[in-house]
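One letter stands for each residue in the lines below.
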Amino acid sequence: MKKLLIIALSLLLGEALLAQKMMTRDGEIKFDASMPNLVEIAATNKTASCILDTSTGDLATLALVKSFKFKSPLMEEHFNENYMESSKYPKATFKGKILSLGKIDKNKSTYDAEGDLTIHGVTKKVKIKVSLVQNAGKVNMTSNFTVKAKDYNIDIPNLVKENFAENIKVSLNFDLEGK
């Protein structure tokens, strides 16, 4: 009887510990490098992965560069071959921590997150704001921030440089579920 009780408690405790890890494999990352009144340079990736440990605040995201979709197939080809060199640098990642992560509730809560953002093989320390909202057992995480192509050694040819914004807007939207 004691063994059965210990096994049952272990299973329940193990399930509670696992519920602290939230994840998705179909998160959305958008970026917009457009200049006003010029060609739209924007793409969306709807297959980004994210893991959040709600007990520690540890956060990791991964996006395959080739999964960014543009309105124009030619622009997508240039993005992958000329700018991002996606065969050489196939993924973009963030590995860090949400600071002072408390209990996540139905009210929108904004937190600071900091860590290493790796794009085009270059890793930089960044600090961003993330919003977390719990709803129906899921946690929605959103963020908006900017990056500069030059900070990640992404070369934009002079011929088209005036079409690209220096500060590229990035937005994240992840619906995380316990695993």
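The structure reproduced in this document is the subject of the present report.

So, how was this worked out
Residues numbered from 1 in each chain as written. Predicted model: local features only at pLDDT ≥ 70, side-chain atom pairs only at ≥ 80, totals over all residues. Heavy atoms only, no water. Helix = DSSP H or I, 4+ residues; strand = E, 2+ residues; numbered from the N terminus. Contact = heavy atoms within 4.5 Å. Buried < 20%, exposed > 50% of the residue type's maximum accessible area, 1.4 Å probe, protein only. Pairing = 2+ DSSP bridges. Phe/Tyr/Trp six-rings, centres within 6.5 Å; stacked < 30°, edge-to-face > 60°. Salt bridge = Lys/Arg side-chain N within 4 Å of Asp/Glu carboxyl O.

## Side note on the side chain of Ser143
Here is step 1 of the chain: Note that Ser143 resides in strand β7 (residues 138–148).
Here is step 2 of the chain: In this structure Ser143 touches Ile128, Lys129, Val130, Val170, Ser171 and Leu172, once residues within four positions along its chain are discounted.

## A few points about the environment of Gly178
Here is step 1 of the chain: With respect to the helices, strands and loops of the structure, Gly178 is situated in strand β8 (residues 164–178).
Here is step 2 of the chain: On the accessibility criterion, Gly178 (40% relative accessible area) is partly exposed.
Here is step 3 of the chain: As for Gly178 and Lys21, which are separated by 157 residues in sequence, their C-alpha atoms are 5.7 Å apart.

## Structural notes on the pairing of strand β4 (residues 91–98)
Here is step 1 of the chain: As paired elements, strand β3 (residues 58–64) and β4 share 7 bridges and run antiparallel to each other. Following the sheet pairing, Leu59 is matched in β4 by Gly96.

## Description of the packing of aromatic side chains
Here is step 1 of the chain: As enumerated under the stated definition, the model contains 6 aromatic pairs in all.
Here is step 2 of the chain: Ring geometry for Phe31 and Phe68: centres 5.5 Å apart, planes at 65°, overall edge-to-face. With Phe31 in strand β1 (residues 21–34) and Phe68 in the loop between β3 and α2 (73–83), this residue pair connects regions lying 37 residues apart in the sequence. An identical accessibility class is assigned to Phe31 and Phe68; each is buried.
Here is step 3 of the chain: For the pair Phe31 and Phe70, a centre-to-centre distance of 5.8 Å together with 75° between the ring planes defines the contact as edge-to-face. With Phe31 in strand β1 and Phe70 in the loop between β3 and α2, the pair connects residues that are 39 residues apart, well separated along the chain.
Here is step 4 of the chain: For Phe70, a relative accessible area of 10% gives the class buried.
Here is step 5 of the chain: By way of ring pairs, the aromatic residues Phe31, Phe68, Phe70 and Phe79 are connected into one cluster.

## Points about the pattern of salt bridges
Here is step 1 of the chain: The final tally for this structure, using the stated rule, is 8 salt bridges.
Here is step 2 of the chain: Between Lys150 and Glu166 there is a salt bridge whose closest N-O contact spans 3.8 Å. Note that Lys150 is positioned in the loop between β7 and β8 and Glu166 in strand β8, a separation of 16 residues in sequence.
Here is step 3 of the chain: One salt-bridge network, held together by shared partners, links Lys148, Lys150 and Glu166.

Take it as geometry only, folks, not as evidence of what the structure does.
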